[in-house]
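Listed here are the chains, written in short residue letters.
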Amino acid sequence: MTVMNEDGHMEVLAPENVSIEYDLAGLGSRFVACFLDTLIQTALLVSGIIVLAVATDGPLLEPGSINPFRSIAGAVMVLYSSVVLLGYHIFFETLWNGQSPGKRWTKLRVRKDGGYGIGFTESAIRNLLRLVDFLPYLYGVGAVVMLFSKRGKRLGDYAAGTVVVKERAARMPDDRFRSPIVEKLDDETVRRIEAYVSRLTRQELSTIREFLRRREELGSYRADPMAAKLYVHVAGRMGMDDSLPGRGQVYTFLYRVVDAHDHPAGTGEPGLMENGQGRGVWTLK
Amino acid sequence: MGGCRNESKRNRWNRFRDLLDAVQRGGLKRLKRSDLRELSRLYRIVASDLARARTQGTDPDEIEYLNGLVARGHSIVYVPPISGWHRITGFFTGEFARLILQNRAPLAAAALVFLSCAAAGYLTARYAPTMADSIFPRVIGEQVYQRFQDNTWFNDPLSARPLISSAIFTNNLRVAAMAFAFGITLGLGTIYVLATNGLMLGSVAAHFALRGHALDFWATVLPHGVIELSAICLAGGAGLLLAKGFLLPGDYRRLDSLAAAARKSARLVMGVAVLLLIAGLIEGFYSTARVANSSRLVFSAATGVLLYGYILWPLLRDRMNSHSGPAAIRGRKRGQ
């Protein structure tokens, strides 16, 4: 199984010989998940204390002796708190296939390096190593290690051989398997794209690719201004005037650029298919 | 491209998604047998849909969508074996002891660090008290001794023991978890945890010895100490095993070797947790009870025989079964 990765994602070759792409979770979303989990843990601890305090109302120490009932209740409390503190993550990650409540809320999931689901042992390792990642305060070690890690791993992830990935929101593509924003580009533009795509650097192409991959997740409110910026830049590089066409044209242009690079005309490779009726409409071959 | 073919494609994607949702809601166990079969069949079909969509460079939205479906399916179809009760009992009836025997080197190193620091603590506190102060403050030994003098140790009534036991257990569990986890600092943190605990034991023992209460001390510590201190050494050994996996990867890639060592270490720590639970119960209920020193020492010896008999049992059994002796264990190790 090959596992290769570039910034922010990881590609895994499944046994079915198809590669699956994962978006790796960043520092921010993992912090939010962890914060939520800590809130829940605190709530569990506090409610436990309250229940126990109400149930065993009265002092632990009585003159000359200890109330045995309250001593047992105290023992239960001590064990309960260590179970909540140490066992919370292990319990949920094992039960929910790599998710804790906080991770479920933020749509993150722990997986093995090969994309497989994790089990008890992996979860136990990565959560016992929290003790080190947490040092000196508030996951200082973990955060620094994550920043230097290609796959956003803290020490616990390295030891357990796990990664934290984003669960993408699976949205069914529209009825005709057609990107809703695809529009017709005029012939001159198409010609220029095919002629000048080789001028673009790898960084420029991967930026466009990355943007297109993430546009759904960004939402049009944030994605549209970025698309405009990219369009102006790329059009400039191709010697076109940088006046901005309509929204659909901008996105179509960007898709077209990536496609022209991946499937250069004349190589016989299947690229975006344009059917007879509507040029620029992408359909299944 | 016929519209009806796409229709059936869409249907199977929807069906696959519904099955995935059902698994996410209720787990695999709730799924009907026929649904389970369909899930694994659809997984393979949708995976090939994804492969086709990728090579044909069709609609990015479609690739994105299929990728998400296949990723979800992949994590459900390929899961590690679910641990049930039989695996847990299997761990304690053989695997734990074998793990200890197979990883003798780091475990022995941890015990050596602990014991030599305990000896150093004892010798300095006993024969060079001023120097001892700069290594490990005598105040702690003094406090422990004071408690002994005031007789507050054995005065705790029976009713307090559940609380004492659980507090001791959780504290020891924390020390053990730290000794393991700090193995990731190339073992330095583990050595620190082992050394401080060893120094503490040695210097407190020296305080009692200086005042002629050595026997009282050991008779109080050993009934639970034999198991507890062995468990702490095992946890430290698990930490050193982790460090060894990272520092000496052998034929493996360094990170793979770390992960493989971590799996073994974590299983050792699981066993350690149970040992500490037993030690905590003994400490809360027996060590602090009013019992004669002689019977305490007999009890300690019995725990030692039981614990080390348990650990060495696979070795003895193999030696009895075959003449190759320890080679049997080494052979199994190679086979893993």
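Parameters and conventions
Residues numbered from 1 in each chain as written. Chains lettered and ligands numbered in written order. Predicted model: local features only at pLDDT ≥ 70, side-chain atom pairs only at ≥ 80, totals over all residues. Heavy atoms only, no water. Phe/Tyr/Trp six-rings, centres within 6.5 Å; stacked < 30°, edge-to-face > 60°. Helix = DSSP H or I, 4+ residues; strand = E, 2+ residues; numbered from the N terminus. Buried < 20%, exposed > 50% of the residue type's maximum accessible area, 1.4 Å probe, protein only. Lys NZ or Arg CZ within 6 Å of the ring centre and 35° of its normal. Pairing = 2+ DSSP bridges. Lys, Arg positive; Asp, Glu negative; His and termini not counted. Salt bridge = Lys/Arg side-chain N within 4 Å of Asp/Glu carboxyl O. Contact = heavy atoms within 4.5 Å. Expected span 1.5 Å × (residues − 1). Core = buried A, V, L, I, M, F, W, Y, C linked by side-chain atoms within 4.5 Å. Axes fitted to C-alpha atoms, helices over the stretch in contact; angles between N-to-C directions. Parallel < 35°, antiparallel > 145°, perpendicular 65-115°, else oblique. Nonpolar A, V, L, I, M, F, W, Y, C, P; charged D, E, K, R; others polar. Patch = residues over 30% accessible without salt bridge, like charges linked within 9 Å, V, L, I, M, F, W, Y side chains within 5 Å. Areas by Shrake-Rupley, 256 points an atom, 1.4 Å probe, with all protein chains shown as cover.

Asks: How would you summarise the packing of aromatic side chains if you had to cite specific residues and measurements?
Replies: Considering all chains together, one arrives at 15 aromatic pairs over all chains under this definition. For the ring pair Tyr231 of chain A and Phe253 of chain A, a centre distance of 4.8 Å and an interplane angle of 70 degrees mean the geometry is edge-to-face. With Tyr231 of chain A in helix 10 (residues 220-237) and Phe253 of chain A in helix 11 (residues 247-262), this pair connects stretches of sequence that are 22 residues apart. We classify Tyr231 of chain A as buried; its relative accessible area is 6%. Both rings, one in Phe91 of chain B and one in Phe92 of chain B, keep their centres 4.9 Å apart while their planes meet at 80 degrees; by these two values the pair is edge-to-face. A residue is classified by how much of its surface remains accessible, and Phe92 of chain B, at 27% relative accessible area, is partly exposed. Ring pairing ties together the aromatic residues Tyr88, Phe91, Phe92 and Trp96 of chain A, which thus form one cluster. Lying across the ring of Trp96 of chain A, Arg104 of chain A places its NZ or CZ 4.0 Å from the centre. One Lys or Arg, Arg199 of chain A, reaches over the ring of Tyr196 of chain A and ends 4.1 Å from the middle of that ring.

Asks: Which residues make up the pairing of strand 6 (residues 108-112) of chain A, and what values do they have?
Replies: Residues and elements named next belong to chain A. In terms of residue burial, strand 6 counts as a mostly covered element, since four of its five residues are buried. With five bridges connecting them, strand 6 and strand 7 (residues 162-166) associate as antiparallel partners. Looking across to strand 7, one finds that Lys112 is bridged to Thr162.

Asks: Talk me through the side chain of Arg130 of chain A; I want residue IDs and the actual numbers.
Replies: All names here are of chain A. Position of Arg130 relative to the elements: it lies in helix 5 (residues 130-133). The buried charged residue Arg130 lacks any salt bridge partner; its closest oppositely charged side chain belongs to Glu93, at an N-O distance of 4.4 Å. When near neighbours in sequence (up to four residues on either side) are disregarded, Arg130 contacts Cys34, His89, Glu93, Lys103, Tyr139 and Arg154.

Asks: Describe the pattern of salt bridges, with residues and values.
Replies: Close approach of charged atoms allows side chains with opposite charge to pair. All names here are of chain A. Under the counting rule described, the total for this entry stands at 24 salt bridges over all chains. Among the salt bridges present, the one from Asp157 reaches Arg30, with a minimum N-O distance of 3.0 Å. With Asp157 in helix 7 (residues 155-160) and Arg30 in helix 1 (residues 27-55), this pair connects stretches of sequence that are 127 residues apart. When salt bridges with common partners are traced through the structure, they connect Arg30, Glu93, Lys103, Arg126 and Asp157 into a single cluster.

Asks: Tell me about helix 11 of chain A, residues and numbers included.
Replies: Residues and elements named next belong to chain A. Taking 1.5 Å per residue, 16 residues should reach 22 Å; helix 11 reaches 23 Å between its end C-alpha atoms and fits that length. With respect to burial, helix 11 is a largely interior element, twelve of its 16 residues being buried. Of the positions making up helix 11, those classed as buried are Gly248, Val250, Tyr251, Thr252, Phe253, Leu254, Tyr255, Arg256, Val257, Val258, Asp259 and Ala260.

Asks: Please provide a residue-by-residue account of unusual backbone geometry, values included.
Replies: Residue and element names in this part refer to chain A. Geometrically, the link from Leu135 to Pro136 is a cis peptide bond, its omega value of -20 degrees lying close to zero. Mapped onto the elements of the fold, Pro136 is located in the loop between helix 5 and helix 6 (140-148). Positioned with a positive phi, Asn97 is a non-glycine residue whose angle comes to about 55 degrees. Its location among the elements puts Asn97 in the loop between helix 2 (68-95) and helix 3 (101-105). Despite not being glycine, Lys107 has its phi angle at roughly 60 degrees, a positive value. Structurally, Lys107 is set in the loop between helix 3 and strand 6.

Asks: Go over the nonpolar core, please, and point to the residues and values.
Replies: Residues Ile184 and Leu268 of chain B are the most contacted members of the largest nonpolar core, which totals 65 residues. Here this core gets twelve residues from one element, more than from any other, and that element is helix 10 (residues 214-247) of chain B. Every residue in contact with Leu268 of chain B, bar those within four places of it in the chain, is listed here: Phe96, Leu99, Ile100, Leu107, Ala238 and Leu241 of chain B. Counting residues in hydrophobic clusters, the runner-up holds 29 residues, among them Met10 of chain A together with Leu20, Leu31 and Leu69 of chain B.

Asks: Any chance you could break down the packing of helix 9 (residues 188-210) of chain B against helix 10 of chain B for me, citing the residues and the numbers?
Replies: Residues and elements named next belong to chain B. Where helix 9 contacts helix 10, the axes come no closer than 11 Å and their chain directions differ by 170 degrees. By the angle between their directions, the pair helix 9 and helix 10 is classed as roughly antiparallel. Of the residues in helix 10, those in contact with Thr190, Ile191, Leu194, Leu201, Val204, Ala205, Phe208 and Ala209 of helix 9 are Ala214, Phe217, Trp218, Val221, Leu229, Ile232, Cys233, Gly236, Gly239 and Leu240. Looking at the contact of helix 9 with helix 10 residue by residue, the class counts come to 15 nonpolar, three polar and no charged.

Asks: Lay out a nonpolar patch on the surface in plain terms, naming residues and giving numbers.
Replies: All names here are of chain A. Residues Phe31, Val32, Phe35, Leu39, Ile40 and Leu44 make up a contiguous nonpolar surface patch of roughly 540 Å² in combined accessible area. With respect to the helices, strands and loops of the structure, Leu44 is situated in helix 1. You can call Leu44 partly exposed: its relative accessible area is 32%.

Asks: Now, about the pairing of strand 7 of chain A: what can you tell me, with residues and values included?
Replies: Residues and elements named next belong to chain A. When you tally the buried positions in strand 7, you get four out of five residues, the bulk of the element. Pairing of strand 3 (residues 19-24) with strand 7, which is carried by two bridges, proceeds in the antiparallel orientation. Opposite Asp23, over in strand 7, you have Lys166 as the bridge partner.

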